[in-house]
Amino acid sequence: MRKPVMAGNWKMYKTAAQTGAAIGALAPLVAGASHVDVVVCAPFVNLPAAVEAARGTNIEIGGQDLFWLKEGAYTGEVSAPMLKAVECRWVIIGHSERRQYFGETDETAAKKTVAALDAGLKPIVCVGERLEQREAGSTDAVLAMQFAGGLAGLTADQFAQVTIAYEPVWAIGTGKTATPEIAAEAHRFLRSQIRGKFGDAAAEACRILYGGSVKPENIQALMAQPELDGALVGGASLDPPSFASIVNF
Ligand code: 13P
């Protein structure tokens, strides 16, 4: 049985004070949620406040990106050991917004994933097709390429620590959720890619999250699909009662 992960991606929202307050408000609402891993991924400068607020709770904190080298003259960047040092446990890698606005590729995602694993962080590696790719019928080809470029180069031991997030780009922040069936179909395809590269046991064990307009109103139908092992939630995770009702689906 795969333990679901409910991860909030707080993107570029909230100050440090607001982050601490929101996690403080979230904690009692999800304290009984032993059936899932609860994760909040906050902007870099808010991570210490997030970690402090989450201390002693079942909420784990993650970053939203990192740079693949440990240190050096890379103005503006943050490394995996730095995230680890502020007690992050998780990190999002290769989010579609990073790909769209900041030039990320499958190749940079792969390097960042290895850096995260080397530091003992749990990467949530994002894949997903854009609208025109889906409409052109190339969803599977896109996912296969993202898997091959971003994940297939890992060793089996490394891959065992990876969580994948399937986030169809057309569903992010648009209110257009993939139907549970569409999501499950993509998850099944990704699992077949994992099986081909890493074998049956790895495919069965890998947690694949769905992301894209997940809300309290649609989480039950999504999670009714056995292929879905949780969610990566943007907008609906910013409000503690809303995220709590997703966690406690
Ligand atoms: P929304 O839930 O706001 O659509 O964002 C999804 C997402 O990008 C999570 O990483």
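Just above sits the structure.
Residues numbered from 1 in each chain as written. Predicted model: local features only at pLDDT ≥ 70, side-chain atom pairs only at ≥ 80, totals over all residues. Heavy atoms only, no water.

S.K.: Hey, could you run me through the overall build of the protein chain in this one?
M.R.: When its secondary structure is counted, the protein chain shows twelve helices and eight strands. Its C-alpha atoms give the protein chain a radius of gyration of 17 Å, within 12% of the compact-globule value 18 Å for 249 residues. On the principal axes, the C-alpha backbone points of the protein chain span a range of 45 × 45 × 35 Å. Sorting the 249 residues of the protein chain into buried and exposed places 54% on the buried side. The contacts of the protein chain with a sequence gap of at least 6 include a subset with a gap of at least 24, amounting to 72%. As presented, the protein chain carries roughly 10,800 Å² of accessible surface, and 56% of it is formed by carbon and sulfur atoms. Computed over 22 positive and 26 negative side-chain charges, the inter-centroid distance for the protein chain is 2 Å. (Helix = DSSP H or I, 4+ residues; strand = E, 2+ residues; numbered from the N terminus. Rg over C-alpha atoms; globule rule 2.2 N^0.38 Å. Buried < 20%, exposed > 50% of the residue type's maximum accessible area, 1.4 Å probe, protein only. Contact = heavy atoms within 4.5 Å. Areas by Shrake-Rupley, 256 points an atom, 1.4 Å probe, with all protein chains shown as cover. Lys, Arg positive; Asp, Glu negative; His and termini not counted. Charge placed at Lys NZ, Arg CZ, Asp CG, Glu CD.)

S.K.: Sorry if this is basic, but what is going on with the site of the ligand here?
M.R.: For the ligand, the set of nearby residues contains 13 residues, the closest of which are K11, H95, G173, S213 and G235. Within the contact set of the ligand, an oxygen atom lies 2.9 Å away from a side-chain nitrogen or oxygen of E167. In the model, an oxygen atom of the ligand is placed 2.8 Å from a nitrogen or oxygen of the G235 main chain. Isolated, the ligand exposes 300 Å² of accessible area, and the fraction of that covered by the protein chains is 96%. Taken together, the residues of the shell around the ligand sort by class into four nonpolar, seven polar and two charged. (Near = heavy atom within 4 Å. Polar contact = N/O pair within 3.5 Å; in protein donor to acceptor, adjacent residues only side chain to side chain. Nonpolar A, V, L, I, M, F, W, Y, C, P; charged D, E, K, R; others polar.)

S.K.: It is not clear to me how the nonpolar core should be interpreted in this structure. Could you clarify?
M.R.: Nonpolar side chains tend toward joint burial in soluble globular proteins. By size, the foremost hydrophobic cluster in this structure holds 69 residues, and its most contacted members are I59, I61, F159 and I164. Here this core gets seven residues from one element, more than from any other, and that element is helix α9 (residues 180-198). Leaving out residues up to four positions away in the same chain, F159 has contacts with F147, L151, L154, I164, I194, F198, A202 and C206. In terms of nonpolar packing, the next biggest core, distinct from the first, is built from eleven residues, A7, V39, L209 and L232 among them. (Core = buried A, V, L, I, M, F, W, Y, C linked by side-chain atoms within 4.5 Å.)

S.K.: I keep staring at empty space enclosed by the protein and nothing clicks. Help me out?
M.R.: The method is simple in principle: a probe with the dimensions of a water molecule rolls over the atoms, and the space it marks as empty is what remains. Taken as a whole and judged by the stated rule, the model has one cavity of 30 Å³ or more. Empty space within the largest cavity amounts to approximately 40 Å³. Along its surface, the largest cavity is lined by G94, H95, S96, R99, C126, V127, G128, Q146, E167 and V169. Going through the elements one at a time, α4 (96-102) and β5 (122-127) are the ones with two or more residues in the lining of the largest cavity. Residue classes in the lining of the largest cavity are distributed as three nonpolar, five polar and two charged. (1 Å grid on protein atoms, 1.4 Å probe; cavity = no way out; pocket = protein on both sides within 12 Å on 5 of 7 lines; lining within 4 Å. Points joined across faces, edges and corners; volume = space filled by probe spheres on them.)

S.K.: Quick question: what am I supposed to make of the packing of aromatic side chains here?
M.R.: Two numbers describe a pair of aromatic rings. These are the distance of the centres and the angle of the planes. Counted by the stated rule, this structure contains seven aromatic pairs. Measuring from centroid to centroid gives 5.0 Å for F67 and Y74, while their planes differ by 40°, and the two rings are tilted. For F67, a relative accessible area of 13% gives the class buried. Overall, Y74 belongs to the partly exposed group, its relative accessible area being 39%. Ring pairs connect the aromatic residues F67, W68 and Y74, which therefore count as one cluster. We note K14 situated over the ring of W10; from NZ or CZ to the ring centre the distance is 5.1 Å. R98 extends its terminal NZ or CZ atom over the ring of F102, reaching a point 4.1 Å from the ring centre. (Phe/Tyr/Trp six-rings, centres within 6.5 Å; stacked < 30°, edge-to-face > 60°. Lys NZ or Arg CZ within 6 Å of the ring centre and 35° of its normal.)

S.K.: Looking at this structure, how should I read the sheet that holds strand β1 (residues 5-9)?
M.R.: Either a parallel or an antiparallel arrangement is found when strands of a sheet pair, and the pairing is made through backbone hydrogen bonds. Pairing is parallel in the closed barrel, where eight strands are placed in the order β1-β2-β3-β4-β5-β6-β7-β8. Sheet twist, expressed as the mean angle between neighbouring strand axes with direction ignored, is 25°. Its contacts with the sheet put α9 on β5, β6 (163-166) and β7 (208-211), and the angle it makes with β7 is roughly 145°. The strands touched by helix α12 (residues 240-247) are β1, β2 (37-41) and β8 (230-233); relative to β1, the strand with the most contacts, the crossing angle is about 155°. (Pairing = 2+ DSSP bridges. Axes fitted to C-alpha atoms, helices over the stretch in contact; angles between N-to-C directions.)

S.K.: Please explain the pairing of β6 as it appears in this structure.
M.R.: On a regular strand, each side chain points to the face opposite its neighbour's, so the side chains alternate between the two faces of the sheet. Of the two faces of β6, both are covered, the one formed by T163 and A165 as well as the one formed by I164 and Y166. Where β5 and β6 come together, four bridges link them in parallel fashion. Of the residues in β6, the one forming a bridge with V125 is I164. Relative to β7, β6 runs parallel, the two being bridged by three bridges. Opposite I164, over in β7, you have I208 as the bridge partner.

Purely geometric numbers; function is a separate question.
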